[in-house]
Amino acid sequence: MLGTLITGVLALCRFGNSPPYSPPPPPLPSGGQDVTPDSPPPVYRYNSDFDFQSLNLALNQEYIELDLFRYGLARFSPEEFLDAGLSSEYQYLIEYMAEQEIGHAEMISNILYRSCLRHLPRSLHPDFSDSYPFDTVRGFFDFCQKLTRWGESGVYGFLPHLDNRASAELLINSITTEARQQMAFRQLEGLFPMAVWFIAGIPQAWAWTLLSPYLIHCPPGNPYIQWQIFPYLNVTNNPTAIRNDSKAAVSTNVSAISYPGREVFFQWDNPGKNVSYDLKYQTSSLAWPPKYALWVSQLNSTYTPLYDVNTDSNTARTYQPGGRVFDDDTAPIFNDTMFVALTNETVPVSPYNLSLVNPYIVAGPAIYQAG
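Note that this is a predicted model, so its numbers are computed, not measured. Every chain's residues receive numbers from 1 upward, in the order its sequence appears when written. The predicted nature of this model means local features are confined to residues of pLDDT at least 70 and side-chain atom pairs, given and counted, to a pLDDT of 80 or more, with totals for whole chains, interfaces and linings taken over all residues. Working from all heavy atoms in the structure, the side-chain values ignore hydrogens and water.

> Go over the packing of helix α2 (residues 49-75) against helix α4 (residues 88-113) with me, naming the residues and quoting the values.
Where α2 contacts α4, the two axes come as close as 9 Å, and the packing angle between them is 155 degrees. Comparing their axes, α4 and α2 come out roughly antiparallel. For the pair α2 and α4, the sense of crossing is left-handed. Note on geometry: axes are C-alpha line fits, over the in-contact stretch for helices, and angles between N-to-C directions span 0 to 180 degrees. Helix and strand assignments come from DSSP, with helices taken as H or I runs of at least 4 residues and strands as E runs of at least 2, each series counted from the N terminus. Oblique is the label for every angle not falling under 35 degrees (roughly parallel), over 145 degrees (roughly antiparallel), or within 65 to 115 degrees (roughly perpendicular). Crossings are sorted by hand: turned counterclockwise from the far helix by less than a right angle, the near helix makes the crossing left-handed, and turned clockwise it makes it right-handed.

Quick look at the structure:
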């Protein structure tokens, strides 16, 4: 009797230590890259010159964001920030975003050089501050939301084309943070935080064209950025998001500051201009003459004809297009902080292959502040 009782207790103990019943998991869907146990371990490096130069451009973007955020905090007094609706807590948010840029730059540096940015002397970083186009707190926010837009869109444009998928995963982890920065700066400026359904990606040459004017000097050891710089484009009547009475807010009803059919005026440079840090680069374009404005926003690329094209003064005009993302009851396509360039052809492109339009760009892109 005692033996039977002990046997029963032992059986209960074994049952209590057993895992709960589960049916077998379903088989994994076929396909995918590097998702099985026999896949090679990830190596967070660059696999090609395309990878290196894409990451090199992204690193310089991180440098300017780090410098810009700290420059703005040092440039303006606490009273000036308070006038724009920013208490010390908001100012610390900007400082924290600068700290995020240290992490982003360190991550990309580790991929490229296996060295840490935080251990590099300041003398190895590019110099930007003399080139910033603002002299007020609200102008600072406006430039920050523009710069983080092309920084975010510039990474989206090349991410799916990288040869090293592991490095692409790390960039996703950083660029999603930058997306939050861009929205936050719109809120600090008093704009509607996200006035679109989708964020467009742009090619590396577009991002480099937009970034290049703000690099003043780089140490001799900095790798040359090999992407094309197009002649600069200026929207001479660009809508302005800067309002002297604006205050920082989580959300506002300032969701659009332009409209379809608005007349838009352009002025552009000729190619061959020495630009960017230490004047080591030249703008270039073999496309001529300008015939169309290419508007890039959300999932859409739209061409509008240019009028009154004057190739002596390099001026022209067009009209802002309209349209909806999908059907008539969906969001307007052209809103938020977006892009416009001048072309000599109407090349069919989509979000994945937008870079195929590059040989046909006469000038630009420029940021267009639609909302």
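> Would you mind going over the sheet that holds strand β9 (residues 337-343) in detail, with residue names and values included?
Judged by pairing direction, the sheet is antiparallel, and its four strands sit side by side in the order β6-β5-β9-β10 without closing on themselves. Each having just a single partner strand, β6 (300-305) and β10 (361-369) make up the two edges of the open sheet. Direction aside, neighbouring strands of the sheet carry axes that sit 25 degrees apart on average. Only strands joined by at least two bridges in the DSSP assignment are considered to pair. As defined by bridge partners, β9 adjoins β10 across six bridges and the pair is classed as antiparallel. Bridging across to β10, Phe339 finds its partner in Ile367.

> Quick rundown of the packing of aromatic side chains? Include the residues and the values.
Two aromatic rings from Phe, Tyr or Trp, using only the six-membered ring of Trp, form a pair when their centres are within 6.5 Å; if the ring planes differ by under 30 degrees the pair is stacked, by over 60 it is edge-to-face, and anything between is tilted. In the structure shown here, the tally under the stated rule is 27 aromatic pairs. Judged by centre distance (6.3 Å) and plane angle (80 degrees), the ring pair of Phe52 and Tyr113 falls under edge-to-face. Taken together, the residues span a long stretch of sequence, with Phe52 in helix α2 and Tyr113 in helix α4 at a distance of 61 residues. Partly exposed describes any residue whose relative accessible area lies between the buried limit of under 20% and the exposed limit of over 50%, with all areas from a 1.4 Å probe on protein chains only and scaled to the type maximum. Judged by its relative accessible area of 14%, Phe52 is buried. The exposure class of Tyr113 is partly exposed, given its relative accessible area of 37%. Here the aromatic rings of Tyr277 and Tyr281 are separated by 5.2 Å at their centres, their planes lie at 75 degrees, and the arrangement is edge-to-face. For the pair shown, Tyr277 and Tyr281 are each scored as buried. Among the aromatic side chains, those forming a connected cluster through ring pairs are Phe69, Tyr71, Phe76, Phe81, Tyr132, Phe134, Phe140, Phe141, Phe143, Trp150, Phe185 and Tyr214.

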